[in-house]
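Structure assessment
Now for the letters of each chain:
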Number of protein chains: 2
Amino acid sequence: MDKHDLFQQFVAFTTTLHEMTHTLTQHVKLDQITTLQYKILEYIQVSQAVTATEISDCLHMSLPNTSRELRKLQEKKLIDKIGDPEDRRKQVIRLTPTGQKLMDEAFSCIEEQFLQFIQHASPQDVAAISQALTVLEQHFFSARKY
Amino acid sequence: MDKHDLFQQFVAFTTTLHEMTHTLTQHVKLDQITTLQYKILEYIQVSQAVTATEISDCLHMSLPNTSRELRKLQEKKLIDKIGDPEDRRKQVIRLTPTGQKLMDEAFSCIEEQFLQFIQHASPQDVAAISQALTVLEQHFFSARKY
DNA sequence: TCCATTACTTATCATTTGATAACAAAATAA
DNA sequence: TTATTTTGTTATCAAATGATAAGTAATGGA
């Protein structure tokens, strides 16, 4: 197994995982927000306190477009913008209780699907999967630093 | 490690992999096609011979929209449609030499980035990553059958 | 103080994508 | 044969997204 073969395997795996992600998320009903807006909420939830610029950088979208989507999310009462007293140009973005509730519901729906997906996995299987994920996380995360 | 913890780990891993995929593909310059069209070409390349209905099903898009994108790709001379003599309603979609060349170039660009990504990986690391990918593929693929 | 930079907003435009209706041709079932 | 299903197309329409110009306010450096 050389690095070229590993690349081939990696591509195939990515396709499988992408398909799996689609299956896991397809039952989440998000009538009020778009996929992009969901990704933004997801990022805010994971990062807890973020600025518009950080969202813009991490989700690879322009600041004007980020600003527009954040305004829409604020209009839907899903996020709050709080002025940063340290630097009054900045605005800290947080989920509102409503936004948090929406994300909690989405995640529990996804988790339910995930559990169905691995319902036949034994404790040994779970340990093996976790170990595999750890290996990949370590290698990919450490590689990102270069 | 119970299944709930595994889910948390899975979500974190998915985020990392998504970010990695973006990094790998960001240097591919596709001035002539959109992301969706690239995904269609990718699917055709992997599957070799497919119909519009198969693309529609696997990429989760409606048949009219699939038909429209295939027409655009045909206009760009990247794919061919060949009538199926067995069933004259069907059309087999294939990459043209130009389309194949475009995909080959894209993939070699992505592979180049991938190799940079794992440039510090030893043969032992490569084996460990491959083993981890195999474990996940097996579990996720077998889970999909249920 | 003055100037450049940063953080963010508003406005506008083109393009992409998703959804749906209506249609035609071929295959299949009744 | 007739009806139904399958495969694919064209034509619209609305919505989402991406890109860019222009502007405001705050910060920080010279």
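Residues numbered from 1 in each chain as written. Chains lettered and ligands numbered in written order. Predicted model: local features only at pLDDT ≥ 70, side-chain atom pairs only at ≥ 80, totals over all residues. Heavy atoms only, no water.

Per an unreviewed UniProt entry, chain A goes by HTH marR-type domain-containing protein and derives from Lysinibacillus piscis.

**A few points about the overall build of chain A**
Put simply, the rule is: Under the scheme used here, helices are H or I runs from DSSP no shorter than 4 residues and strands are E runs no shorter than 2 residues, and both carry numbers assigned from the N terminus. In this treatment the radius of gyration is a C-alpha quantity, and the globule benchmark scales as 2.2 Å times the residue count to the 0.38 power.
A tally of helices and strands in chain A yields 6 helices and 2 strands. Secondary structure elements in chain A, listed N-terminal to C-terminal, are α-α-α-α-β-β-α-α. Relative to the globule expectation of 15 Å for 146 residues, the C-alpha radius of gyration of chain A, 19 Å, shows a markedly less compact shape. The C-alpha extent of chain A, read off along each of the three principal axes, is 55 × 35 × 25 Å.

**Section: the relation of the copies chain A and chain B**
We apply this condition: A least-squares fit on C-alpha atoms brings the copies together, and the residues used are those whose pLDDT is at least 70 in both copies. A contact between two residues is defined here by any heavy atoms of the two lying within 4.5 Å.
In the superposition of chain A on chain B (RMSD 0.0 Å, axial shift 0.0 Å), the rotation amounts to 180°. Such a turn and shift between the copies fits a two-fold axis. For chain A, the minimum C-alpha distance to the rotation axis belongs to Ala132 of chain A and amounts to 2.2 Å. Comparing interface residues between copies, 100% of those in chain A also lie at the interface in chain B; the contact surface is shared.

**Quick notes on the protein's contact with DNA strand D**
What counts here: Whether a residue is near a molecule or strand depends on its heavy atoms: if one lies within 4 Å, it is near. Contacts described as polar in this section are N or O atom pairs within 3.5 Å, which, within protein, must combine one atom able to donate a hydrogen with one able to accept it, while residues neighboring in sequence count only if both atoms come from side chains. Only Asp, Glu, Lys and Arg are considered charged, only Ala, Val, Leu, Ile, Met, Phe, Trp, Tyr, Cys and Pro nonpolar, and every remaining residue, Gly among them, polar.
As a matter of local geometry, DNA strand D sits amid 20 residues, with Pro64 of chain A together with Thr53, Ser67, Lys81 and Arg89 of chain B nearest to it. Expressed as a percentage, the sugar and phosphate content of the atoms of DNA strand D within 4 Å of the protein is 55%. Thr34 of chain A is positioned with one of its side-chain polar atoms (N or O) 3.0 Å from a phosphate oxygen of DNA strand D. Looking at the surface near DNA strand D, the elements with two or more residues in it are α4 (63–75) of chain A together with α3 (52–58) and α4 (63–75) of chain B. Ranked by the residues each element gives to the surface near DNA strand D, the list is headed by α4 of chain B, at 4 residues. Counted by class, the surface near DNA strand D contains 5 nonpolar, 7 polar and 8 charged residues.

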